[in-house]
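# Structural features, examined
Here are the chains, one letter per residue:
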Amino acid sequence: EKVMVEACRRAAELLNAGGTCIDAVKLAIEVMEDDPTTNAGNGSNLTLDGTVECDASIMSGQDMAFGAVGAAPAIKNPIAAATAL
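The paragraphs below set out a description of the structure included in this document. (Residues numbered from 1 in each chain as written. Predicted model: local features only at pLDDT ≥ 70, side-chain atom pairs only at ≥ 80, totals over all residues. Heavy atoms only, no water.)

Moving on, we get to the pattern of salt bridges. Under the definition given, this model contains four salt bridges. We note a salt bridge from Glu13 to Arg9, for which the minimum N-O separation is 2.4 Å. Here the residue Glu13 and the residue Arg9 both occupy positions in helix 1 (residues 2–16), the gap between them amounting to four residues, near one helical turn. Here Glu13 falls in the partly exposed class, since its relative accessible area comes to 45%. (Salt bridge = Lys/Arg side-chain N within 4 Å of Asp/Glu carboxyl O. Helix = DSSP H or I, 4+ residues; strand = E, 2+ residues; numbered from the N terminus. Buried < 20%, exposed > 50% of the residue type's maximum accessible area, 1.4 Å probe, protein only.)

Attention now goes to the environment of Asn39. Residue position: Asn39 is located in the loop between helix 2 (21–34) and strand 1 (53–59). Look at Asn39 and you get exposed, because its relative accessible area is 52%. Spatially, the C-alpha atoms of Asn39 and Val25 are 17 Å apart, while their sequence positions differ by 14 residues. Look past the residues within four positions of Asn39 in its chain and what remains in contact with it is Ser44 and Asn45. From its side chain, Asn39 meets the backbone nitrogen of Asn45 in a polar contact 3.1 Å long. (Contact = heavy atoms within 4.5 Å. Polar contact = N/O pair within 3.5 Å; in protein donor to acceptor, adjacent residues only side chain to side chain.)

Moving on, we get to helix 2. Residues three or four positions apart in an α-helix share a direction because the helix packs 3.6 residues into each turn. Spanning 14 residues, helix 2 covers 20 Å between terminal C-alpha atoms, matching the ideal 20 Å at 1.5 Å per step. Restricting attention to buried positions, one finds in helix 2 the residues Ala24, Leu27, Ala28, Glu30, Val31, Met32 and Glu33. Structurally, helix 2 contributes buried residues whose contacts are with helix 1 and helix 3 (78–84). (Expected span 1.5 Å × (residues − 1).)

Here we come to the nonpolar core. Core analysis: the largest hydrophobic core is formed by seven residues, namely Val3, Ala7, Ala11, Ala24, Ala28, Val31 and Met32. For this core, the elements supplying multiple residues, two or more each, are helix 1 and helix 2. Tallying contributions element by element places helix 2 first for this core, with four residues. If we ignore the near neighbours within four places in the chain, the residues touching Ala28 are Ala7 and Ala11. In this structure, Ala56, Ala72, Ile79 and Ala82 belong to the second largest nonpolar core, which totals six residues. (Core = buried A, V, L, I, M, F, W, Y, C linked by side-chain atoms within 4.5 Å.)

For the rest of this paragraph, the subject is the environment of Val31. Residue position: Val31 is located in helix 2. You can call Val31 buried: its relative accessible area is 10%. The spacing of Val31 and Thr47 is 16 residues in sequence and 22 Å in space, taken between C-alpha atoms.

With that settled, the discussion passes to the pairing of strand 1. Side-chain alternation along strand 1 places Cys54, Ala56 and Ile58 on a buried face and Glu53, Asp55, Ser57 and Met59 on a face that remains uncovered. Taken together, the six bridges between strand 1 and strand 2 (residues 66–73) define a ladder with antiparallel strand orientation. Paired with Cys54 across the strands is Ala72, a residue of strand 2. If you look at the hairpin formed by strand 1 and strand 2, you'll find six residues sitting between the two strands, and Met64 has a positive phi there, around 65 degrees. (Pairing = 2+ DSSP bridges.)

Now the structure itself:
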């Protein structure tokens, strides 16, 4: 619960400072990916081989632009990779 509150707080701060919705969503997800207590990024379930592979996607409702990564190994923040695409 604490990580969710922190993710929302940080995203709201960014929006209040004039940040974009995409940047706020990316930041909130990065907070969750960085916390080992969530099933995202660092805390993801392991594959049968004992490794972490993550999926992430993001889409802009304004222009329908999107980016996604799937089964991505060794990426600290998959949402950042998806956003960059």
